[in-house]
Amino acid sequence: MITAGIDAGSRTIKAVLWDSEKSAVVNSGAIDQGVEQRRLAGELVERLLSELGAGRPPIARTVATGYGRNLIDFADARITEITCHAAGVALVAPSTRTIIEIGGQDNKVIRLDESGTVCDFDMNDRCAAGTGRFLEVVATRLGVQLDELGLLVQQSRCPTPISSMCAVFAETEIVGLLAGGRHPADIVAGVQAAISLRVSSMAGRNVVCPICFTGGVALVPGMAKALQSALGHPVAVAPHPLLTGALGAALLALEI
Amino acid sequence: MNGPPQKLCLDEWDARHASLLADGMREPAYGGLLSRHVGERGDTRLRHLLFDSSAAALRLWNFLLTEEDRLRGHRAAGRKLVGAMKDLGTVPVMAFASPDLVAFYPDGAWWTPCLMEHSDGLLAVADRLGIDDSFCPVRAMLGAFVTGSHFPIPELLVCSAGAVCDDFSAIAQRLEPLGFPVFWWEIPRRRSPEPGESALTLPGGLEAPECQIALTRLELGRVRLALEELAGGPLDDASLSASIRAANLIRRRLRALRDLAFTAEASPLPALELLIAEMLALHYCSDRDESLVVLERLLAEVQARVAAGQGVLSVDAARVFWVNPVADLRVMNLLEECGGRLCGTDLMFGHALVDIPEDLPPLEALARVALADPMVGPAQDRARMICAEMRRLGAEALVVSRIPGASHCCREGDIIRQFVRENTGLPTLEIEVPPLSDAMMPALHSRLLALVETVIGRRAL
């Protein structure tokens, strides 16, 4: 049986096809988010399915997650990202006790018990501080692509402290820092440290190791290191962190 | 009981109203269609709510939404109006001891459904007076005083100072130079007694040093004098004691309602109506006797539903303990839409739900209750009480609802959540609910749904 998991996030739509006979992901992919989320998600899943070739079984069940999940009306069920990321991590890093997920507009700390069941979670407040959106604002202001931030940060010699975590105020602050001659690499490193401190503050005293880092921001080089430094614990990036939520959704589709 | 319980939208309630009337429902003078409040008062937010289908719930809503009419009626009948501000549950008991006084709660203006649509401009008036949206939505009260559009201006404002929220103080202080005289009385910040210090146990179980109780008693003595001057006659101990007994009747009904509703296997009353009912303990919607009737009807309905095994939600609903009132009533509907139910609340005024001692001199009794206010002491005291209630009521999760700008909430939520986590291990969630939360609804929905999923997941263990 093939199940599909769709994670309709604020920046990208991710999909994973899971084959329960093989107990394996048989295809996966991601596309940029757009206005017509339902159509985009449907096309992505259709493409992934067609890439499996002729004779593939149809998708038996679909679970949608992510902030746009309610728009995916062809899904059989809709489940929140908290539960889906936990299910995905339970497969790829089963000993995990804390998940840190940083996506386009949310960041989350999810605490798991020994069996991988969600005990508790925290999510950021309504502002973009500490999210992928915050990094996007920074990238735009520095005139680089989001995926270039990682390369840039590797050049940092002296991370610049960023005092404002509001995306709007931080942009103003960055303008001032650039005008003051600070190197963009140091600014990016400072931003990553600020995001990590915010997540660390949200996690509070309740961080139990091992820690697994998921979500699109986990792909940004330097972020895991910054998080590790802020939390004071090792942080492992999940395999294919962008797809963890969609993977969990596909796995949960087996249970509905 | 009138048929299986349901949740109805405003239009459905109109049809339901006709059917209840046809079945012989008798309504009080303030009864009628719920939908009329949209046209008469601009309470357009009501269009977005789901209501319990019982006649008792209809009575509750109509009672709440006609308070302004009642206040005008009191004024027309020659009674003096007392705005009891910040104090939650003490000054109204004193004011109602006189047949010539009626207390009400101007702070409550922030909570009116029409405010939630920003349709009456109260917040814009507050903005113009320098009380902007960095303040708690209680600032709507300022607009209501200036425009006079919500309630008749009371003859006396009695406002507590000291251990009260900064926002509230700033807003109330803004009223004075605008020509609304405020009678201030001080409530000290409750502290734990020093070793060896003479102390007493307050109603509800907290402790306070006797010297703080004495100070509060003296302050309430000043309030009594102010009320006597307004009433034009004495507020003697006998009338105060009678008022305390009447207040306790309401508190007992409310406790019975809450306990039954919170512990029933299937939730017999929606979260929204439970929230509204609790507010009656504070100020009686300007009619203490009718408050009792409203609560008794609700209690009878809940008893009948429980006896019949009927509820408004699935028996599997996640049992959520809710802290603080919401600034947008729709969030109580949302909790249930996400698969949760109320199994307990701490809406900031737990001291207004406990009995006022009847075997003490009345001002002593009222002073002890005033100091039992969860908001005048350390957040840890409140967290401890919440934990105890969560255990008693079998809660599976905690939601702390934060009110934007409310300074008493900014750190308290963290303290309560941490305490509950460490002492119960249950999942907790803090959300911010602004008065107009439309843009926040998807995020609020996700958070509440994730909490419910977490509770359900933990049950399987």
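Per chain, the residues get numbers from 1 upward, laid out in the order the sequence is written. Naming scheme: in the order in which they are written, chains are lettered from A and ligands are numbered from 1. For a predicted model such as this one, the threshold for reporting local features is a pLDDT of at least 70, and the threshold for listing and counting side-chain atom pairs is 80 or more; totals across whole chains, interfaces and linings nevertheless cover every residue.

## With respect to the overall build of chain A
Selection rule: Every helix listed is a DSSP run of H or I at least four residues long, and every strand listed is a run of E at least two residues long, numbered separately from the N terminus. Between the two quantities, the radius of gyration covers C-alpha atoms and the globule rule is 2.2 Å times the number of residues to the power 0.38. Burial in this document is a count-based property: other C-beta atoms within 10 Å of a residue's C-beta are tallied, and the residue is buried at 20 or more, exposed at 12 or fewer, or partly exposed in between, with C-beta positions derived from the backbone. C-beta atoms are first placed from the backbone for all residues, and any pair lying within 7 Å is then listed as a contact.
Helix and strand counts for chain A stand at eight helices and 10 strands. Against the globule reference of 18 Å for 256 residues, chain A gives a C-alpha radius of gyration of 19 Å, in line with a compact fold. Taken over 256 residues, chain A has a buried fraction of 51%. For chain A, the share of sequence-separated contacts (at least 6 apart) that also reach a separation of at least 24 residues comes to 69%.

## Let's talk about the overall build of chain B
Each helix and strand counted, chain B has 18 helices and 12 strands in total. Taking 2.2 N^0.38 as the reference for a compact globule, 461 residues should give roughly 23 Å; the C-alpha atoms of chain B span a radius of gyration of 21 Å, in line with that estimate. Projecting the C-alpha coordinates of chain B onto the three principal axes gives extents of approximately 55 × 55 × 45 Å. Relative to its 461 residues, chain B shows a buried fraction of 55%. A sequence separation of at least 24 residues applies to 75% of the contacts in chain B between residues at least 6 apart.

## Some thoughts on the interface of chain A and chain B
Note the following rule: Three categories are distinguished: nonpolar for Ala, Val, Leu, Ile, Met, Phe, Trp, Tyr, Cys and Pro, charged for Asp, Glu, Lys and Arg, and polar for the others, with Gly belonging to the last.
Chain A puts 16 residues into the contact, and the matching count from chain B is 17 residues. Secondary structure elements with two or more residues in the side of chain A that touches chain B: helix 2 (81-92) and strand 8 (118-123) of chain A. With five residues, the top contributor of residues to the side of chain A that touches chain B is strand 8 of chain A. Residue composition of the side of chain A that touches chain B, grouped by class: seven nonpolar, six polar and three charged.

## Some words on unusual backbone geometry
In this chain, A:Cys209 is followed by A:Pro210 through a cis amide linkage whose omega measures 0°. As for its placement among the helices and strands, A:Pro210 is situated in the loop between helix 6 (184-203) and strand 9 (211-214).

## Quick look at the pairing of strand 9 of chain A
All names here are of chain A. Heads up, the rule is: Any two strands with at least two DSSP-identified bridges between them are counted as paired. With strands facing away from the observer, any crossover in which the path from the first strand over the helix to the second runs clockwise is taken as right-handed.
Residues Ile211 and Phe213 point to one face of strand 9 and Cys212 and Thr214 to the other, with burial holding for every one of them. Here strand 6 (residues 98-102) runs beside strand 9; their pairing, made up of four bridges, is parallel. Bridge assignment links Ile99 to a residue of strand 9, and that residue is Cys212. Examined bridge by bridge, strand 9 and strand 10 (residues 235-237) share three bridges and lie parallel to one another. Each residue of the ladder has a partner; that of Phe213, found in strand 10, is Val237. Once you follow strand 9 into helix 7 (residues 223-231) and on to strand 10, the crossover reads as right-handed.

## Points about the domain arrangement of chain A
Residues and elements named next belong to chain A. Selection criterion: Domain limits in this description derive from either an automatic procedure or a database domain assignment.
Per the domain assignment, the segments of chain A are domain 1 (1-93 + 240-256) and domain 2 (95-237). Its C-alpha centre places domain 1 at a distance of 25 Å from the equivalent point of domain 2. Every contact between the two is made by 15 residues of domain 1 and, on the other side, 23 residues of domain 2. Ranked by residues supplied to the side of domain 1 that touches domain 2, first place goes to helix 2 with six residues. Per-class residue counts for the side of domain 1 that touches domain 2 are eight nonpolar, six polar and one charged.

## Details of the environment of B:Leu227
Residue and element names in this part refer to chain B. Here Leu227 lies in helix 10 (residues 210-231). The buried category is assigned to Leu227, around which 26 C-beta atoms lie within 10 Å. For Leu227 and Pro442, which are 215 residues apart along the polypeptide, the C-alpha to C-alpha distance reads 48 Å. Contacts of Leu227, omitting those with residues within four sequence positions, involve Val82, Met94, Ala95, Ser98, Leu101 and Leu235.

## Examining the nonpolar core
The line we're drawing: A set of buried residues qualifies as a nonpolar core if it consists of Ala, Val, Leu, Ile, Met, Phe, Trp, Tyr and Cys joined through C-beta atoms within 7 Å.
Core analysis: the largest hydrophobic core is formed by 232 residues, its most contacted members being A:Ile6, A:Ala250 and B:Ala95. In terms of residues, this core owes the most to one element, helix 6 of chain A, which gives 10 residues. The two domains that each donate at least three residues to this core are domain 1 (1-93 + 240-256) and domain 2 (95-237) of chain A. Beyond its immediate stretch of four places on either side in the chain, A:Ala250 contacts A:Thr3, A:Ala4, A:Gly5, A:Val16, A:Leu17, A:Trp18 and A:Val63.

## A word on the environment of B:Leu429
All names here are of chain B. With respect to the helices and strands, the residue Leu429 is situated in strand 12 (residues 428-432). Along the sequence, Leu429 and Leu451 sit 22 residues apart, while their C-alpha atoms lie 7.2 Å from each other. Not counting the four nearest positions on each side in its chain, Leu429 is found in contact with Val399, Arg447 and Leu451.

## Thoughts on the pairing of strand 3 (residues 80-85) of chain B
Residues and elements named next belong to chain B. With five of its six residues buried, strand 3 lies for the most part within the structure. For strand 3 and strand 5 (residues 156-162), the ladder comprises four bridges, and the chain directions are parallel. Paired with Val82 across the strands is Leu156, a residue of strand 5.

## What to know about the sheet that holds strand 11 (residues 397-402) of chain B
Residue and element names in this part refer to chain B. Counted only if it meets this: In this description, a line fitted to the C-alpha atoms serves as the axis of each element, helices being fitted only across the stretch in contact, and the angle between N-to-C directions of two axes falls anywhere from 0 to 180 degrees.
Strand order across the open sheet formed by four strands is 10-9-11-12, with parallel pairing between neighbours. Since the sheet does not close on itself, it has two edges, and those belong to strand 10 (340-346) and strand 12, each with one partner. Put simply, the sheet's adjacent strands are angled 30° from each other on average, direction ignored. As paired elements, strand 9 (residues 318-323) and strand 10 share six bridges and run parallel to each other. Following the sheet pairing, Arg319 is matched in strand 10 by Arg341.

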